[in-house]
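Here are the chains, one letter per residue:
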Amino acid sequence: MEQKKILIITYYWPPAGGPGVQRWLKFAKYLPEFGWKPVIYTPENPSYPLLDESLMKDIPEDIEMVRTKIWEPYQLAEKLNKSNKKFKAGQFDVGKNQSWKSRLSIWVRGNFFIPDARVFWVKPSIRFLEKYLKENKIDVIATSGPPHSLHLIGLGLKNKLPDLKWIADFRDPWTEISYYKHLKLTQSSDKKHRQLEADVFKNADITLATSYTDAENFRKSGANAVCITNGFDESDSGERQTGQSANSPVHQGKFTLSYIGVLEQLRNPENLWRVLNELVKENPEFAARFSLKFVGRIDDKILTSIETSDLKNHILNLGYLSHGKAVEEMQSSDMLLITNFPNEASKGIIPGKIFEYLASGKQILSFGPDQADVARILEETNAGKHFSYQDTESVKKFILEKFEHWKNGNTMENTQGIEQFSRRNLTKQLAEIL
């Protein structure tokens, strides 16, 4: 039986690094098992904030690639202010850390490039793909955002080809994402963002969300929304550890708490740094055996703040590593840290790395808003605990409890039900929707 074809319109594709690339890379990897042949449309000359050549191994050998050139204003922005390089990863300085150049750059980014700085690829892509779709049999198209400008490509194609089946995949929300309110938008710019988002929700045949709360919010805004979370690939994680006997030998190394990924100012768990600072000052045994490991890109101002505290001699900063190496660092840790934006509007964000954290079998220390989707996942899988950014004593108690377990050699917990989050099972869900 001939496979159906899905055209995946995505900005991020290997050698791009980071979590944004992995969702549709993994879908493309497993879709052929379920009767779908992926075709990838992506820029010929993108400006990626991170590179990871190791992800190239997941690209199917016979995959069809379609590329066109893109123009992006980031090089001009970086000449104005070096910190604008963060924009490519959706980050920027906030509060007292903002210089006048940062404030100007944020205002320009929010009001001149709607919905984002990749918007100049929209019209050329619509012209190119309208012709491509007429000449090639494609059963469904999928647009992946952010950058949300890619959804405008889907919207334009849907307007020109009304019978086209279109899935709009929102890896993060658009106007409901935490940094949206920091973009210094004028009233007319805010109205334009919201109108474009509403047009996408109204016209897409299916809107995919990566969290339960986002799917519910999208439905309230008029979208035909379904949740398919991100997940872990068993071929990346190796054999999942399923537990360790309480009679295992007492640990002789360091009790290591690791953060894997990008840590920006808007998700900085300052209460955790205070708690850890207190523990190394008050508890000599903890101080002698504790290590705080960072793998990825940590905001300079966060790192400087930690390095000027009593934690300075406990930090191991490995910088950005390939995806495979990052997974190894997860598995060699004793606890894993994950952070989310603190406001209630972000309770539906489920950071993609939580699923690889789950696959490692290690306990997870999470920070974010109350009643977050992350908390639901941790409770259902018995994989850790979620705290607010105001918690201190309960955080300290949790860390000390896990430290005692570690000293006694009982470092693993009996997690449950994580198989539902495997990339193969999630792709099967997508195929059923298709």
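Just so you know, these numbers come straight off a predicted model, no measurement behind them.

Here we come to the sheet that holds strand S4 (residues 140–145). Spatially, the 7 strands line up as an open sheet ordered S3-S2-S1-S4-S5-S6-S7, and their pairing is parallel. Of all the strands in the sheet, the pair left with one neighbour each is strand S3 (64–68) and strand S7 (225–227). Pairwise comparison of adjacent strand axes, ignoring direction, gives a mean angle of 25° for this sheet. Relative to strand S2 (residues 36–43), strand S1 (residues 4–9) runs parallel, the two being bridged by 6 bridges. Following the sheet pairing, Ile 6 is matched in S2 by Pro 38. Against the sheet, helix H7 (residues 212–220) makes contact with strand S5 (166–170), strand S6 (206–209) and S7, and its axis sits at roughly 175° relative to S7, the strand it touches most.

The subject of this paragraph is the packing of helix H4 (residues 122–135) against helix H5 (residues 149–160). Where H4 meets H5, the closest approach of the two axes is 9 Å, and the angle between their N-to-C directions is 45°. Our classification of the angle between H4 and H5 gives oblique. The hand of the H4/H5 crossing is right-handed. Within the contact between the two elements, H4 uses Val 122, Ser 125, Ile 126, Leu 129, Glu 130 and Leu 133 and H5 uses Ser 149, Leu 152, Ile 153, Gly 156, Leu 157 and Lys 160. A class-by-class count of the residues in the contact of H4 with H5 yields 7 nonpolar, 3 polar and 2 charged.

With that out of the way, let us pick up the pattern of salt bridges. Throughout the structure, instances matching the rule amount to 24 salt bridges. The closest approach of N and O atoms between Lys 134 and Glu 130, which form a salt bridge, is 3.3 Å. With Lys 134 and Glu 130 both in helix H4 and 4 residues apart, the pair spans about one turn of that helix. Its relative accessible area of 19% is what places Glu 130 among the buried residues.

This paragraph deals with helix H16 (residues 423–433). Looking only at H16, the buried set comprises Arg 423, Leu 426, Thr 427, Leu 430 and Ala 431. The buried side chains of H16 occupy one side of the element, clustering within an arc of 145° when seen end-on. Residues of H16 that are buried sit in contact with helix H1 (19–30), S2, S5 and S6.

This part is about the packing of aromatic side chains. Tallied over the full model, the rule gives 23 aromatic pairs. Both rings, one in Phe 367 and one in Phe 387, keep their centres 6.1 Å apart while their planes meet at 35°; by these two values the pair is tilted. Of this pair, Phe 367 sits in strand S12 (residues 363–367) while Phe 387 sits in strand S13 (residues 384–387), and the two are 20 residues apart along the sequence. No difference in accessibility class separates Phe 367 from Phe 387, as the two residues are buried. Following the ring pairs from residue to residue traces out a cluster consisting of Phe 255, Phe 286, Phe 290, Phe 403 and Trp 406. Directly above the ring of Tyr 11 sits Arg 118, whose terminal nitrogen or CZ lies 4.2 Å from the centroid. Here Arg 267 stacks its cationic end above the ring of Phe 341, 5.9 Å away from the centre of that ring.

This next bit is on the environment of Ser 422. For Ser 422, the location among the structural elements is in the loop between helix H15 (393–407) and H16. In contact with Ser 422, not counting residues within four places along its chain, are Phe 232 and Glu 234.

Let us look at the packing of H1 against H16. One way to put it is that H1 packs onto H16 with a least axis distance of 9 Å and a crossing angle of 80°. Relative to H16, the element H1 lies roughly perpendicular. Taken together, the residues of H16 that come into contact with H1 (itself represented by Gln 22, Arg 23, Trp 24, Lys 26, Phe 27 and Tyr 30) are Arg 423, Arg 424, Leu 426, Thr 427 and Leu 430. When its residues are assigned to classes, the contact of H1 with H16 shows 5 nonpolar, 2 polar and 4 charged.

Let us now look at unusual backbone geometry. Residue Pro 115 follows Ile 114 across a cis peptide bond; omega there is 10°. By secondary structure assignment, the location of Pro 115 is in the loop between helix H3 (100–112) and H4. Following Gly 145, the chain continues to Pro 146 via a peptide bond in cis, the omega torsion being 10°. Looking at where Pro 146 falls in the secondary structure, it is placed in the loop between S4 and H5.

Turning to the nonpolar core, a few remarks are in order. Judged by nonpolar contacts, the single largest core of 84 residues is most densely connected at Leu 7, Ile 9, Ile 141, Ile 153 and Leu 157. Here Ile 9 is in contact with Tyr 41, Leu 129, Ile 141, Ala 142, Thr 143, Ser 144, Leu 150, Ile 153 and Leu 157, once residues within four sequence places are set aside. Core analysis: the second largest hydrophobic core is formed by 32 residues, Leu 276, Phe 286, Phe 403 and Trp 406 among them.

Our next topic: the sheet that holds strand S8 (residues 255–260). Consider a sheet: its strands pair through backbone hydrogen bonds, and that pairing is either parallel or antiparallel. Strands sit in the order S10-S9-S8-S11-S12-S13 across an open sheet of 6 strands; the sheet is parallel. Two strands bound the open sheet, and with one partner strand each, they are strand S10 (315–317) and S13. Averaged over all pairs of adjacent strands, the angle between strand axes in this sheet comes to 20°, irrespective of strand direction. Lying over the sheet, helix H9 (residues 270–282) contacts S8, strand S9 (290–295), strand S11 (335–339) and S12, oriented at roughly 150° with respect to S9.

When pLDDT is averaged along the protein chain, the result is 88; 86% of the residues meet or exceed 70. Across residues 239–251, confidence stays below pLDDT 50; counting only partners more than four residues off in sequence or on other chains, it has 33 contacts.

Let us now look at the side chain of Lys 362. Mapped onto the elements of the fold, Lys 362 is located in the loop between helix H13 (353–360) and S12. At 2.5 Å, the side chain of Lys 362 forms a polar contact with the backbone oxygen of Gln 331.

We now examine H15. Between its first and last C-alpha atoms H15 spans 21 Å; for 15 residues at 1.5 Å apiece the expected length is 21 Å, and the two agree. Of all the residues in H15, the buried ones are Val 395, Lys 396, Phe 398, Ile 399, Lys 402, Phe 403, Trp 406 and Lys 407. Where the residues of H15 are buried, they touch S8, H9, helix H10 (284–289), S11, S12 and S13. Just past H15, the residue Gly 409 takes up positive phi, approximately 85°.

Parameters at a glance
- Residues numbered from 1 in each chain as written.
- Predicted model: local features only at pLDDT ≥ 70, side-chain atom pairs only at ≥ 80, totals over all residues.
- Heavy atoms only, no water.
- Pairing = 2+ DSSP bridges.
- Helix = DSSP H or I, 4+ residues; strand = E, 2+ residues; numbered from the N terminus.
- Axes fitted to C-alpha atoms, helices over the stretch in contact; angles between N-to-C directions.
- Contact = heavy atoms within 4.5 Å.
- Parallel < 35°, antiparallel > 145°, perpendicular 65-115°, else oblique.
- Left-handed = near helix turned anticlockwise from the far one by under 90°.
- Nonpolar A, V, L, I, M, F, W, Y, C, P; charged D, E, K, R; others polar.
- Salt bridge = Lys/Arg side-chain N within 4 Å of Asp/Glu carboxyl O.
- Buried < 20%, exposed > 50% of the residue type's maximum accessible area, 1.4 Å probe, protein only.
- Arc of directions from axis to C-beta.
- Phe/Tyr/Trp six-rings, centres within 6.5 Å; stacked < 30°, edge-to-face > 60°.
- Lys NZ or Arg CZ within 6 Å of the ring centre and 35° of its normal.
- Core = buried A, V, L, I, M, F, W, Y, C linked by side-chain atoms within 4.5 Å.
- pLDDT = per-residue confidence, 0-100.
- Polar contact = N/O pair within 3.5 Å; in protein donor to acceptor, adjacent residues only side chain to side chain.
- Expected span 1.5 Å × (residues − 1).

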